[in-house]
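Chain residues, written in single-letter form:
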Amino acid sequence: MNPLIFTTILMTVLLGTMIVMTSSHWLMIWIGFEMNLLAIIPILMKKYNPRTMEASTKYFLTQATASMLLMMAIIINLMHSGQWTITKVFNPTASIIMTSALAMKLGLTPFHFWVPEVTQGISLTSGLILLTWQKLAPMSILYQISPSINLNILLTMAVLSILVGGWGGLNQTQLRKIMAYSSIAHMGWMTAVLVYNPTLTMLNMLIYIMMTLTMFMLFIHSSSTTTLSLSHTWNKTPLTTTLILITLLSMGGLPPLSGFMPKWMIIQELTKNSSIILPTLMAIMALLNLYFYMRLTYSTSLTMFPSTNNMKMKWQFETKRITLLPPLIVMSSLLLPLTPMLSILD
Amino acid sequence: MLKIIIPTIMLMPLTWLSKKNMIWINTTTYSLLISLISLSLLNQPSNNSLNFSLMFFSDPLSAPLLVLTTWLLPLMLMASQHHLSKEPLIRKKLYITMLTMLQTFLIMTFTATELISFYILFEATLVPTLIIITRWGNQTERLNAGLYFLFYTLMGSLPLLVALISIQNLTGSLNFLLIQYWNQALPDSWSNIFLWLACMMAFMVKMPLYGLHLWLPKAHVEAPIAGSMVLAAILLKLGGYGMLRITTMLNPQTSFMAYPFLMLSLWGMIMTSSICLRQTDLKSLIAYSSVSHMALVIVAVLIQTPWSYMGATALMIAHGLTSSMLFCLANSNYERTHSRTMILARGLQTLLPLMAAWWLLASLTNLALPPSINLIGELFVVMSSFSWSNITIILMGANITITALYSLYMLITTQRGKYTHHVNSIKPSFTRENALMALHMTPLLLLSLNPKIILGFTY
């Protein structure tokens, strides 16, 4: 793509999210979402082939439906409260419709079906933007309306997301689908604590974005999209295998890595609010996620995958330059001792 | 406590910056020095704990375990030299780094005051162990073994996290120094029953309890020698240590909640000892014998009398040294014949007489011969369980007999009799191996002169 046009489109995506995050008028928020959606379609279709077209169409349809639902919720809110400022949504109908719309945008169960298929159809870089940047806008709206969200619906969606994210990823060998199911599960964790302490949602989002960025950049660096091709990295850059191991264990939520911090804080917050069975269930279901991460580490770093002569090796093109990979890796694995610093967030 | 932790962390730069021919010498020497520092902690005031800071403390229970942990690192390094000799230098350094990381986490776990810090470090010990088992194990079954190990432990310990956090909300602090003073009886209700279960299951899986022990034979057999040593000697004791710490908060539910686990342990020790009699795989035999000894520790901890606590602590230390020594002996066989089958390497007394002496001593301590500390542990446990209920003497007596049976079976099969014709070309014992066995055996024998230091905090 022409670099000037690509920059313009990327800036529009950024502008759309910024408008969503900083507006106080509901119509501007809807405009921001639409701007974001329209501008990201060309980015999703960077490579022009039928798979990306199909993926972009699916993405467009689901997100447009979600935006229309959001518009309807905004209008109902206008009808009942008489103003366009974004505040707690007092009307329960509007609140439920808005929650469903934002869940559709985020990819929470039962609206998660588009996430694996869209992520699989697009290139790794576009998938990176899809799974990290695109989650910021809906999450910021959820943060702002969090006092009024119906707790039952949100918690059901969260727990089902963690279940679906865990179980769905078990049968996958394609890396992009694995990352998509991991995203569904993490979104579930984030929305579970939204009503109790939205700051922890933001913390979880931050750490999730860092870990997902790291994973995608490691995949881009080894240009691998399947488990099989990822298992060849020990031959090209053995250090990448160690980094993949550490980041995957961090995503699985194992102490002492920083992926444990959001889970710990969320369990603490939920327990303080006297729900005990829920965090136990959530923590045990996160083990499903850990299982398929472990399978990835087994084929990548913990075993020498028998790469005999009758297997196709990838061409060794010149090494891609990945920006900011070392700081990302450090931040996505070593932040746990800084947990007491979270007190500054209050 | 930093005087032990910082040198252990510094062993990692030492490994990476050493020259090729000095990695083993440097790390073994410095880890021996660190273990000598930790010996000073054995000088404990009688009923209280030595508090080094708000975060670390040492107690007559944790001090012997700490000394065992630091003593074991040089032994692990010495045992690993042979099977790593053919690997490239970076992989050797990675292996030593994994061992050192595991050691750091273990030292911090045994001395942690805050129970959530204990939990995080308890989980953190899983990662280096998993990497050692899966990356450096020898058979294809090691993948399955690593998964079983990781997931059994995590399934048990996630409810523990929730339970610890809810206790922190109820009582305000989880710092062990405070809890032992303002402990109150737990009221009787269903949710407190689940709280008891949540707290104890993590340690039951780690010990392991008989019904949940499936990960242990897999993990012990598939791990390389250092992995087996640290698993048998220390990681199982983490479960016992955790149980001893957390039962102080869980009264009076323990008196009736403990029954199912007591039944499982009492039956399980007979079962696993009997399985040992039918094993062909040497490492698997030693692994099942670990389950059997740890079942005794579980019985002792759940009875909660002063004598049983003394027996549990003594048995943990004694079993750590004995089991680790048995794994080293099995490994010396494995390195020569590359098979773990017992009957393939029999009659070794004719070929390696000094090693036969070590085999004899190890088997004798395994069957708890007087005056070794194994006997002190087992005897205290048997006596206190007899006072708890008279009938247990039948099971305990049967267990001691069957333990003697399989220990002697192991000794006679590997050492006595005519040697097979294909082992007459094995290499003689290295000095390193003899030193390894001596370093295991000497603390065991010396401790029988003054067992007071390992009898724990109820002495």
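Per chain, residue numbering runs from 1 following the sequence as it is written. Chains carry letters from A onward and ligands carry numbers from 1 onward, assigned in written order. The predicted origin of the model limits local features to residues at a pLDDT of at least 70 and limits the giving and counting of side-chain atom pairs to 80 or more, whereas totals for whole chains, interfaces and linings rest on all residues. Computation of side-chain values covers all heavy atoms of the structure but excludes hydrogens and water.

Within an unreviewed UniProt entry, the label attached to chain B reads NADH-ubiquinone oxidoreductase chain 4, and the organism entered is Equus lambei.

Looking at an unreviewed UniProt entry, one finds chain A named NADH-ubiquinone oxidoreductase chain 2, with Equus caballus as its source organism. UniProt positions are given in the numbering used here, feature names are shortened, and annotations may be inferred rather than shown by experiment. Turning to chain A, the UniProt annotation filed under Function (unreviewed entry) states: "Core subunit of the mitochondrial membrane respiratory chain NADH dehydrogenase (Complex I) which catalyzes electron transfer from NADH through the respiratory chain, using ubiquinone as an electron acceptor. Essential for the catalytic activity and assembly of complex I."

**Description of the overall build of chain A**
Note on conventions: DSSP H or I runs of at least 4 residues are helices, E runs of at least 2 residues are strands, and numbering of each starts at the N terminus. The secondary structure content of chain A amounts to 16 helices and zero strands. Just to be clear, the radius of gyration here is over C-alpha atoms, and the globule rule we use is 2.2 Å times residues to the power 0.38. Scaling as 2.2 N^0.38, a compact globule of 346 residues should have a C-alpha radius of gyration of about 20 Å, and chain A matches this with 20 Å. Across its three principal axes, chain A shows a C-alpha extent of roughly 70 × 50 × 35 Å. Looking at the 346 residues of chain A, the share that counts as buried comes to 59%. Residues are treated as being in contact if the distance between any of their heavy atoms lies within 4.5 Å. Taking all contacts inside chain A whose residues are at least 6 apart in sequence as the whole, residues at least 24 apart take part in 78%. To measure how exposed things are, a 1.4 Å probe is used in the Shrake-Rupley method; for residues, cover is taken only from the protein chains shown. For chain A, the exposed area adds up to about 14300 Å²; of that, 70% sits on carbon and sulfur atoms. By the counting scheme adopted, Arg and Lys are positive, Glu and Asp are negative, and His together with the chain ends is not counted. Charge placement uses NZ in Lys and CZ in Arg. For Asp and Glu, CG and CD serve respectively. The averaged location of the 6 negative side-chain charges in chain A is 9 Å from the averaged location of its 17 positive side-chain charges. A simple rule labels every residue: compare its accessible area, found with a 1.4 Å probe on the protein chains alone, to the largest value its type can have, and call it buried under 20%, exposed over 50%, or partly exposed in between.

**Remarks on the overall build of chain B**
Of the regular secondary structure elements, chain B holds 19 helices and two strands. A globule of 459 residues ought to have a C-alpha radius of gyration of about 23 Å, and chain B, at 21 Å, matches this closely. If one aligns the C-alpha atoms of chain B with their principal axes, the spans along those axes are about 65 × 55 × 40 Å. When each of the 459 residues of chain B is scored for burial, the buried share is 64%. Excluding contacts between residues fewer than 6 apart, the proportion of contacts in chain B whose partners are at least 24 apart in sequence is 83%.

**Overview of the confidence of the model for chain B**
Within a predicted model, pLDDT stands for the predictor's per-residue confidence, ranging from 0 to 100. Within chain B, residue pLDDT values average 91, and 100% of them lie at 70 or more. The ipTM value of the predicted complex is 0.90, and its pTM value is 0.93.

**Details of the interface of chain B and chain A**
Put simply, an interface is often sized by how much accessible area is lost when its parts join up. On the side of chain A, 26 residues touch chain B, which itself brings 28 residues to the contact. What gets called buried area is simply the loss in accessible area from a 1.4 Å probe that two parts show on being joined, summed for both. For the pair chain B and chain A, the summed buried area comes to about 2500 Å², and 84% of that belongs to carbon and sulfur atoms. For this analysis, a salt bridge means a side-chain nitrogen from Lys or Arg found within 4 Å of a carboxyl oxygen belonging to Asp or Glu. Across the contact surface, chain B and chain A share zero salt bridges. Whenever two N or O atoms come within 3.5 Å, that pair is a polar contact, provided that in protein one can donate a hydrogen and the other can accept it, and provided that, for residues adjacent in sequence, both atoms are side-chain atoms. Summed over the shared surface of chain B and chain A, the number is two residue pairs in polar contact (both at pLDDT 80 or more). Those elements that place two or more of their residues in the side of chain B that touches chain A are helix H4 (89–111), helix H5 (115–124), helix H6 (126–136) and helix H7 (142–171) of chain B. Ranked by residues supplied to the side of chain B that touches chain A, first place goes to H7(B) with 16 residues.

**Examining the UniProt feature "domain: NADH:quinone oxidoreductase/Mrp antiporter transmembrane" (unreviewed entry) in chain A**
Residues annotated by UniProt as "domain: NADH:quinone oxidoreductase/Mrp antiporter transmembrane" (unreviewed entry) correspond here to residues 23–285 of chain A. Each end of residues 23–285 of chain A is marked by a C-alpha atom, and these two atoms are 37 Å apart; helix forms 75% of the span and strand 0%.

**What about the packing of helix H13 (residues 282–303) of chain B against helix H14 (residues 306–337) of chain B?**
All names here are of chain B. At a minimum axis distance of 9 Å, the contact between H13 and H14 shows a crossing angle of 175°. The pairing of H13 with H14 is recorded here as roughly antiparallel in orientation. Two secondary-structure elements touch here, H13 through Leu282, Lys283, Ile286, Ala287, Ser290, His293, Met294, Leu296, Val297, Ala300, Val301 and Ile303 and H14 through Ser308, Tyr309, Ala312, Leu315, Met316, His319, Ser323, Leu326, Phe327, Ala330 and Asn333. Note on geometry: axes are lines fitted to C-alpha atoms, helical ones only across the stretch in contact, with angles between N-to-C directions running from 0 to 180 degrees. Working rule for angles: under 35 degrees goes down as roughly parallel, over 145 as roughly antiparallel, 65 to 115 as roughly perpendicular, anything else as oblique.

**Points about the nonpolar core**
For soluble globular proteins, the rule of thumb is that nonpolar side chains tend to be buried together. By size, the foremost hydrophobic cluster in this structure holds 283 residues, and its most contacted members are Trp26(A), Tyr59(A), Trp264(A), Met294(A), Ile246(B), Leu302(B) and Leu329(B). A per-element tally of this core places H13(B) first, with 16 residues. Once residues within four sequence positions are removed from consideration, Tyr59(A) is found in contact with Leu37(A), Ile40(A), Ile41(A), Leu44(A), Trp114(A), Val118(A), Leu130(A) and Gln134(A). Buried residues of nine kinds, namely Ala, Val, Leu, Ile, Met, Phe, Trp, Tyr and Cys, make up a nonpolar core once their side-chain atoms join them within 4.5 Å.

**Notes on the packing of aromatic side chains**
Side-chain rings of Phe, Tyr and Trp, where Trp is taken by its six-membered ring, are said to pair if the distance between their centres is within 6.5 Å; with planes under 30 degrees apart they count as stacked, over 60 as edge-to-face, and otherwise as tilted. Taken as a whole and judged by the stated rule, the model has 19 aromatic pairs over all chains. For the pair Tyr259(B) and Trp388(B), a centre-to-centre distance of 5.9 Å together with 40° between the ring planes defines the contact as tilted. Placement of the pair is Tyr259(B) in helix H12 (residues 254–277) and Trp388(B) in helix H17 (residues 373–388), with a sequence separation of 129 residues. Here the aromatic residues Phe110(B), Phe118(B), Phe122(B), Phe203(B) and Tyr241(B) are joined through ring pairs into a cluster of three or more. One residue, Lys263(A), lies across the ring of Trp189(A), its end atom 5.3 Å from the ring centre. Consider the ring centre and the ring normal. A charge sits over the ring if Lys NZ or Arg CZ is within 6 Å of that centre and within 35 degrees of that normal.

**Some thoughts on the pattern of salt bridges**
Side chains bearing opposite charge may pair, as long as their charged atoms lie close to each other. According to the stated counting rule, one finds five salt bridges over all chains in the structure shown. Among the salt bridges present, the one from Glu54(A) reaches Lys58(A), with a minimum N-O distance of 3.0 Å. You can see Glu54(A) and its partner Lys58(A) sitting in helix H3 (residues 50–81), four residues apart, about one turn around the helix. Note on Glu54(A): relative accessible area 41%, which makes it partly exposed. The partner of Arg336(B) in a salt bridge is Glu433(B), with the nearest N and O atoms 3.0 Å apart. Pair noted here: Arg336(B) is in helix H14 and Glu433(B) is in helix H19 (residues 431–447), with a separation of 97 residues, a long-range link. Accessibility assignment for this pair places Arg336(B) and Glu433(B) in one class, buried. Where salt bridges share partners, they join Glu54(A), Lys58(A) and Glu117(A) into one cluster.

**Observations concerning H19(B)**
All names here are of chain B. Expected helix span is taken as 1.5 Å per residue step, with the number of steps being one fewer than the number of residues. Over its 17 residues, H19 extends 24 Å from the first C-alpha to the last, a length consistent with the 24 Å expected when each residue adds 1.5 Å. Arg432, Glu433, Asn434, Leu436, Met437, His440, Met441, Pro443, Leu444 and Leu447 are the residues of H19 that are buried. Looking at the buried side of H19, the elements it contacts are helix H3 (62–80), helix H11 (225–246), H14, helix H16 (353–366) and H17.

**A few points about the packing of H4(B) against H5(B)**
All names here are of chain B. It is at 9 Å that the axes of H4 and H5 come closest, and there the two elements cross at 155°. As judged from the angle between their axes, H4 and H5 are roughly antiparallel. H4 and H5 meet at a crossing whose hand is left-handed. Contacts between H4 and H5 pair Phe105, Met108 and Thr109 from the former with Phe118, Leu121, Phe122 and Ala124 from the latter. Class assignment of the residues belonging to the contact of H4 with H5 gives a composition of six nonpolar, one polar and no charged. By definition, turning the near helix anticlockwise from the far helix through less than a right angle yields a left-handed crossing, and turning it clockwise yields a right-handed one. All residues other than Ala, Val, Leu, Ile, Met, Phe, Trp, Tyr, Cys, Pro, Asp, Glu, Lys and Arg, Gly among them, are scored as polar; the first ten of these are nonpolar and the last four charged.

**Describing the environment of Ala124(B)**
With respect to the helices and strands, Ala124(B) occurs in helix H5. By relative accessible area, which is 0% here, Ala124(B) ends up buried. The spacing of Ala124(B) and Phe105(B) is 19 residues in sequence and 6.7 Å in space, taken between C-alpha atoms. Setting aside residues no more than four positions away along its own chain, Ala124(B) makes contact with Pro255(A), Pro256(A) and Phe105(B).

**Quick notes on the side chain of Thr129(B)**
Relative to the elements of secondary structure, Thr129(B) occurs in helix H6. Within polar-contact distance, the side chain of Thr129(B) engages the backbone oxygen of Thr125(B) at 2.6 Å.

**Describing the state of the cysteines**
Residue and element names in this part refer to chain B. Pairs of cysteine sulfur atoms within 2.5 Å are what we label disulfides. Applying the stated rule across the entire model yields zero disulfides over all chains. Residue cysteine 328 stays outside any disulfide, its sulfur separated by 18 Å from that of cysteine 276, the closest cysteine. Accessibility expressed as a relative area gives 3% for cysteine 328, which makes it buried.

**Some details on the confidence of the model for chain A**
A residue-level look at chain A finds 95% of positions with pLDDT of 70 or above and a mean pLDDT of 89. Averaged pLDDT values for the elements of chain A fall to 77 in helix H12 (residues 233–236) of chain A and rise to 95 in helix H9 (residues 175–192) of chain A.

**Section: helix H10 (residues 198–221) of chain A**
Residue and element names in this part refer to chain A. Taking 1.5 Å of rise per residue, 24 residues should cover 34 Å, and H10 covers 34 Å from first to last C-alpha, within 8% of that figure. With 20 of 24 residues buried, H10 is to be regarded as a mostly interior element. Serine 223 occupies a position one or two residues after H10 and carries a positive phi of about 35°.

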